[in-house]
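Residue-level listing of the chains:
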Amino acid sequence: SVCFGVDGALIAIYALFLGAGLDHQMKTPDFGAFFWMRIGIIAFHIIVDVAQSAFSGGQDTVGTTAHLASFVAGFCYILIWLPPMGDGELFGESHPYIINCGLTSP
């Protein structure tokens, strides 16, 4: 379950990271492709977990439910508490993924 929680948190932070356009500030090529690859790996694990639960006669339903709840908890942790990212060396602030919409919207 811990791995699914970490995966949920990674997906949320990657989405915020890319949504804020921070991939252009880094020298990492194709960060978006890495993000989609990671989503594919996590989706594969979830599909295997659900299939294993479905074809085991309901014996693994508790494990699948725990894994999915952990994934959602990890995702929500990032979105609700917005932990600081980095130490300020790469980006100028600790929460670079928060965009002030007042500057871009009339």
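Q: Give me the lowdown on the side chain of Asp7, citing residues and values where you can.
A: Structurally, Asp7 can be placed in helix H1 (residues 2-19). Those residues in contact with Asp7, other than ones at most four positions away along the chain, are Arg38, Ile42 and Phe71.

Q: Break down the pattern of salt bridges for me, with residues and values.
A: All told, the structure shown has one salt bridge when counted by the stated rule. Between Asp7 and Arg38 there is a salt bridge, and its shortest N-O distance comes to 2.6 Å. Taken together, the residues span a long stretch of sequence, with Asp7 in helix H1 and Arg38 in helix H2 (residues 31-55) at a distance of 31 residues. Owing to a relative accessible area of 9%, Asp7 belongs among the buried residues under this scheme.

Q: A description of the packing of H1 against H2 should follow, citing residues and the corresponding values.
A: Axis separation between H1 and H2 bottoms out at 11 Å; the angle between their running directions is 150°. Compared by their axis directions, H1 and H2 come out roughly antiparallel. When you trace H1 past H2, the crossing you get is left-handed. For the pair H1 and H2, the contacting residues are Phe4, Asp7, Leu10, Ile11, Tyr14, Ala15, Phe17 and Leu18 in the first and Phe31, Gly32, Phe34, Phe35, Arg38, Ile39, Ile42, His45, Ile46 and Asp49 in the second. When grouped by side-chain class, the residues that make up the contact of H1 with H2 number 13 nonpolar, two polar and three charged.

Q: Lay out the packing of H2 against helix H3 (residues 61-81) in plain terms, naming residues and giving numbers.
A: Each pair of packed helices can be described by the angle between their axes along with the distance between the axes. The contact between H2 and H3 brings their axes to 8 Å, and the two run at 155°. Regarding the angle of H2 to H3, the classification is roughly antiparallel. The way H2 lies across H3 gives a crossing that is left-handed. Together, Ile42, Ile46, Asp49, Val50 and Ser53 of H2 and Thr61, Gly63, Thr64, His67, Leu68 and Phe71 of H3 make up the contact between the two elements.

Q: If you had to explain the nonpolar core to someone new, which residues and values would you point to?
A: Note that soluble globular proteins tend to have their nonpolar side chains buried in a common cluster. Core analysis: the largest hydrophobic core is formed by 13 residues, its most contacted members being Tyr14 and Ile78. Mapped onto this core, the elements with two or more residues apiece are H1, H2 and H3. By residue number, the principal contributor to this core is H1, which donates seven residues.

Q: Outline H1, listing residues and values.
A: Taking 1.5 Å per residue as the helical rise, H1 with its 18 residues ought to reach 26 Å, and the 26 Å between its terminal C-alpha atoms agrees with that figure. Every buried residue of H1 is listed here: Phe4, Gly5, Asp7, Gly8, Ala9, Ile11, Ala12, Ile13, Tyr14 and Phe17.

Q: Break down the packing of aromatic side chains for me, citing the residues and quoting the values.
A: One pass over the structure, following the stated rule, counts four aromatic pairs. A centroid spacing of 5.3 Å and a plane angle of 70° characterise the contact between Phe35 and Trp36, whose relative ring orientation is edge-to-face. Judged by relative accessible area, which is 7%, Phe35 ranks as buried. Aromatic ring contacts, followed pair by pair, group Tyr14, Phe34, Phe35 and Trp36 into a single cluster.

Rules used throughout
- Sequence order as written defines residue numbering, which begins from 1 separately in each chain.
- pLDDT decides what is reported in this predicted model: residues at 70 or higher carry local features, side-chain atom pairs at 80 or more are listed and counted, and totals for whole chains, interfaces and linings draw on all residues regardless.
- Side-chain measures here rest on the full set of heavy atoms in the structure, leaving out hydrogens and waters.
- The helix and strand labels rest on DSSP assignments: H or I over at least four residues marks a helix, E over at least two residues marks a strand, and numbering proceeds from the N terminus.
- Every residue pair with non-hydrogen atoms within 4.5 Å of one another is taken to be in contact.
- When a carboxyl oxygen of Asp or Glu lies within 4 Å of a side-chain nitrogen of Lys or Arg, that pair is called a salt bridge.
- Exposure classes here rest on a 1.4 Å probe applied to the protein chains alone. A residue is buried below 20% of its type maximum, exposed above 50%, and partly exposed in between.
- Angles run from 0 to 180 degrees between N-to-C directions of axes, and those axes are lines fitted to C-alpha atoms, restricted for helices to the stretch in contact.
- For classification, angles of less than 35 degrees are called roughly parallel, those exceeding 145 degrees roughly antiparallel, those between 65 and 115 degrees roughly perpendicular, and all remaining angles oblique.
- It is the rotation of the near helix from the far one that decides the hand of a crossing: anticlockwise by less than a right angle makes it left-handed, clockwise makes it right-handed.
- Residues are grouped as follows: Ala, Val, Leu, Ile, Met, Phe, Trp, Tyr, Cys and Pro are nonpolar; Asp, Glu, Lys and Arg are charged; every other residue, Gly included, is polar.
- Here, nonpolar core means buried Ala, Val, Leu, Ile, Met, Phe, Trp, Tyr and Cys residues that are tied together by side-chain atoms lying within 4.5 Å of each other.
- Between the first and last residue of a helix there are one fewer steps than residues, each counted as 1.5 Å, and that sum is the expected span.
- Two rings from Phe, Tyr or Trp (for Trp, the six-membered ring) form a pair when their centres sit within 6.5 Å of each other. Planes less than 30 degrees apart are called stacked, planes more than 60 degrees apart edge-to-face, and all others tilted.

Any link to function would need more than the numbers given here.
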